[in-house]
Protein chains: 2
Amino acid sequence: MARGPRTIAEVAEQFGVTHRTVRYYEDQGLVSPERRGTQRLYHPRDTVRLGLVLRGRRLGFALEEIRRILDMYDQQPGEAGQLTYLLAQIVDRRADLDQRRRDVEDALAELDDVERRCRRDLSALAAASGDG
Amino acid sequence: MARGPRTIAEVAEQFGVTHRTVRYYEDQGLVSPERRGTQRLYHPRDTVRLGLVLRGRRLGFALEEIRRILDMYDQQPGEAGQLTYLLAQIVDRRADLDQRRRDVEDALAELDDVERRCRRDLSALAAASGDG
DNA sequence: CTTGACGTTGACGTCAACGTAAAGCACGAT
DNA sequence: ATCGTGCTTTACGTTGACGTCAACGTCAAG
C-alpha cells in the first residue's frame, strides 16, 4: 500500500490547494519536485516542505520570506560566519512569531469575552420570554 | 496635556503606517472618524479600532474579514436569532485562531530546534579551533 | 496677501499571489 | 490510429492592498 512519489494533483488535493498554486510555488523556488521526463514526482520530502510553506502562508508570511526561512532551515553551513548569521536571522524570526502569538492570544481572549456577553444576553432573553 | 482628537498624520505615525493606508481603511469601512468640515478627527475610539484592524492584518486576515469581525464585536443585537448567529461566527473565528496558534507554536518549536543545533555546531567549531 | 505646511479627493500605478484560458505532449484503452 | 484523460507550459487576467501623483482647500504665520 505504500505508494511511492505522488502526482501534483494528489498533493494539491491533500493540502486543499489547486495545482496552479503548487506550480506557482515551484516557480518561486519554494519546492522542487523530481522530474520523470516532463512529469513532477512529489516525494515525502517535497510534501513535507509544501506543508511548511502553507503553514508559513497561514502565518501571514510572504512567499519570498518563507523561501528564505526554509532555505535557512536546510542549510548545513559548517562555517562560523554562516552560523552566527543564521542565529541573527533566528532572533528576527522569533521576534516576529512572538508578536503573532501575542496577537493571536489577545484576539482569542476578546473572542472569549464576546462569547460570554453573548451567552449572558441569550440567557437573559430566555428568562424574559419565560417571564412574559 | 490631554489633547483631544488627533489628526490622520498623528495616528498614522503612532501605528507606523502611512496616511494613505489609514484613508484606504476608511474607504473599506474599517474606521469612520468624525469630520470637522473636511478634516478627519480621530478620537480614542477610532484609534483603538485602527489598532484592532492592524492586529487583524498582522494575523493575516483580509480587510473584508476584519471588517466583519469588528462589526460583529460592535453589535448589540438584542435579538435571539442575531445572538445565535453571532455565536456561530465566534466558533468559526475561534477555529481559525486556534489553527494559527498551533502554527505559531509549531514554528517557534522548530525555530528553537534550529537554534540549538546551530549553537551546538558553533561550540563544536570553537572546540576544534581550540584544538588546532 | 502670499507662503508654506498639512489635508483632501480622485485617478491611476504597482506588486504579490494566484486564476483562467489555450494549446500541446504522454499514454493506456478502444 | 485516435480518443480521452491527465499533466505540462505559456500567456494573459484578476484581486487585494496599498503607493504615487496631480490638483485643490485651509489655515496660521510672516
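Residues numbered from 1 in each chain as written. Chains lettered and ligands numbered in written order. Predicted model: local features only at pLDDT ≥ 70, side-chain atom pairs only at ≥ 80, totals over all residues.

A.B. asks: A description of the overall build of chain A should follow, citing residues and the corresponding values.
C.D. replies: In terms of regular secondary structure, chain A is built from 5 helices and 2 strands. The secondary structure elements of chain A, listed N-terminal to C-terminal, are α-α-β-β-α-α-α. For 132 residues, the compact-globule estimate of 2.2 N^0.38 gives 14 Å, and the C-alpha radius of gyration of chain A, at 23 Å, exceeds that figure by more than 25%. Viewed in the frame of its principal axes, chain A has a C-alpha envelope of about 75 × 45 × 25 Å. The long-range share in chain A, meaning contacts at least 24 apart out of those at least 6 apart in sequence, stands at 42%. (Helix = DSSP H or I, 4+ residues; strand = E, 2+ residues; numbered from the N terminus. Rg over C-alpha atoms; globule rule 2.2 N^0.38 Å. Contact = placed C-beta atoms within 7 Å.)

A.B. asks: Describe in detail the protein's contact with DNA strand D, supporting the description with residues and values.
C.D. replies: DNA strand D sits among 17 residues. The nearest are Ala9 and Arg40 of chain A together with Arg20, Ala62 and Leu63 of chain B. Sorting the residues of the surface near DNA strand D by element identifies helix 1 (8-15) and strand 2 (39-41) of chain A together with helix 2 (19-27) and helix 4 (63-74) of chain B as the ones contributing at least two each. For the surface near DNA strand D, the element with the highest residue contribution is helix 2 of chain B, accounting for 3 residues. Taken together, the residues of the surface near DNA strand D break down into 5 nonpolar, 7 polar and 5 charged. (Near = placed C-beta within 6 Å. Nonpolar A, V, L, I, M, F, W, Y, C, P; charged D, E, K, R; others polar.)

A.B. asks: So what's going on with the interface of chain A and chain B? Which residues, and what values?
C.D. replies: With 28 residues of chain A at the interface, the matching set in chain B holds 28 residues. Those elements giving two or more residues to the side of chain A that touches chain B turn out to be helix 3 (44-58) and helix 5 (80-131) of chain A. In terms of residue count, the dominant contributor to the side of chain A that touches chain B is helix 5 of chain A (23 residues). Looking at the side of chain A that touches chain B, its residues break down into 16 nonpolar, 2 polar and 10 charged.

A.B. asks: An account of the relation of the copies chain A and chain B is requested, with residue identities and associated values reported.
C.D. replies: The transform that puts chain A on chain B rotates by 180 degrees and translates by 0.0 Å along the axis, for an RMSD of 0.2 Å. Look at the turn and shift together and you get a two-fold axis relating the two. Rotation axis and chain A: the residue whose C-alpha lies nearest the axis is Gly60 of chain A, separated from it by 2.3 Å. Taken as a fraction of all interface residues of chain A, those also at the interface in chain B reach 100%, which identifies the copy contact as same-surface. (Least-squares fit on C-alpha atoms with pLDDT ≥ 70 in both.)

A.B. asks: Can you lay out the nonpolar core for me, pointing to particular residues and giving the numbers?
C.D. replies: With 30 residues, the main nonpolar core has Val53 of chain A together with Val53 of chain B as its most contacted residues. Every element with two or more residues in this core is listed here: helix 2 (19-27), helix 3, helix 4 (63-74) and helix 5 of chain A together with helix 2, helix 3 (44-58), helix 4 and helix 5 (80-131) of chain B. Not counting the four nearest positions on each side in its chain, Val53 of chain B is found in contact with Tyr25, Leu30, Val31 and Ile66 of chain B. (Core = buried A, V, L, I, M, F, W, Y, C linked by C-beta atoms within 7 Å. Buried ≥ 20, exposed ≤ 12 C-beta atoms within 10 Å, placed from the backbone.)

A.B. asks: Describe in detail helix 3 of chain A, supporting the description with residues and values.
C.D. replies: Residue and element names in this part refer to chain A. The end-to-end C-alpha separation of helix 3 is 21 Å, in line with the 21 Å expected for 15 residues at 1.5 Å each. Buried residues of helix 3: Asp46, Arg49, Leu50, Val53 and Gly56, and no others. Here the buried residues of helix 3 occupy an arc of 115 degrees about the axis, which is enough to place them on one side. Projecting away from the buried face of helix 3 at angles above 90 degrees are the exposed residues Pro44 and Val48. (Expected span 1.5 Å × (residues − 1). Arc of directions from axis to C-beta.)

A.B. asks: Tell me about the protein's contact with DNA strand C, and name the residues and values.
C.D. replies: The immediate surroundings of DNA strand C are formed by 16 residues, with Arg20 and Leu63 of chain A together with Thr7, Ala9 and Arg40 of chain B found nearest. When contributions to the surface near DNA strand C are tallied by element, the ones reaching two or more residues are helix 2 and helix 4 of chain A together with helix 1 (8-15) and strand 2 (39-41) of chain B. Of all the elements, helix 2 of chain A adds the most residues to the surface near DNA strand C, at 3 residues.

A.B. asks: Quick one: what's the story with the environment of Leu59 of chain B, residue by residue and with numbers?
C.D. replies: Its location among the elements puts Leu59 of chain B in the loop between helix 3 and helix 4. Owing to 21 C-beta atoms within 10 Å, Leu59 of chain B belongs among the buried residues under this scheme. Along the chain, Leu59 of chain B and His43 of chain B lie 16 residues apart, while their C-alpha atoms are 25 Å from each other. Apart from residues no more than four positions distant in its own chain, Leu59 of chain B is found in contact with Gly60, Asp103, Val104 and Ala107 of chain A together with Arg100 of chain B.

A.B. asks: Could you give an account of the environment of Gln82 of chain B, with specific residues and numbers?
C.D. replies: Relative to the helices and strands, Gln82 of chain B is located in helix 5. Measuring from C-alpha to C-alpha, the distance between Gln82 of chain B and Thr47 of chain B comes to 27 Å, with 35 residues separating the pair along the chain.

A.B. asks: Let's hear about the packing of helix 3 of chain A against helix 4 of chain A: which residues, and what values?
C.D. replies: Residue and element names in this part refer to chain A. Interaxial distance between helix 3 and helix 4 falls to 10 Å at its minimum, and their mutual angle equals 135 degrees. What the angle tells us is that helix 3 and helix 4 run oblique. As helix 3 runs across helix 4, the sense of the crossing is right-handed. Of the residues in helix 4, those touching helix 3 at Arg49, Leu52, Val53, Gly56 and Arg57 are Ile66, Ile69 and Leu70. Residues of the contact of helix 3 with helix 4, tallied by class, amount to 5 nonpolar, 1 polar and 2 charged. (Axes fitted to C-alpha atoms, helices over the stretch in contact; angles between N-to-C directions. Parallel < 35°, antiparallel > 145°, perpendicular 65-115°, else oblique. Left-handed = near helix turned anticlockwise from the far one by under 90°.)

So yeah, pure geometry; function would need other evidence.
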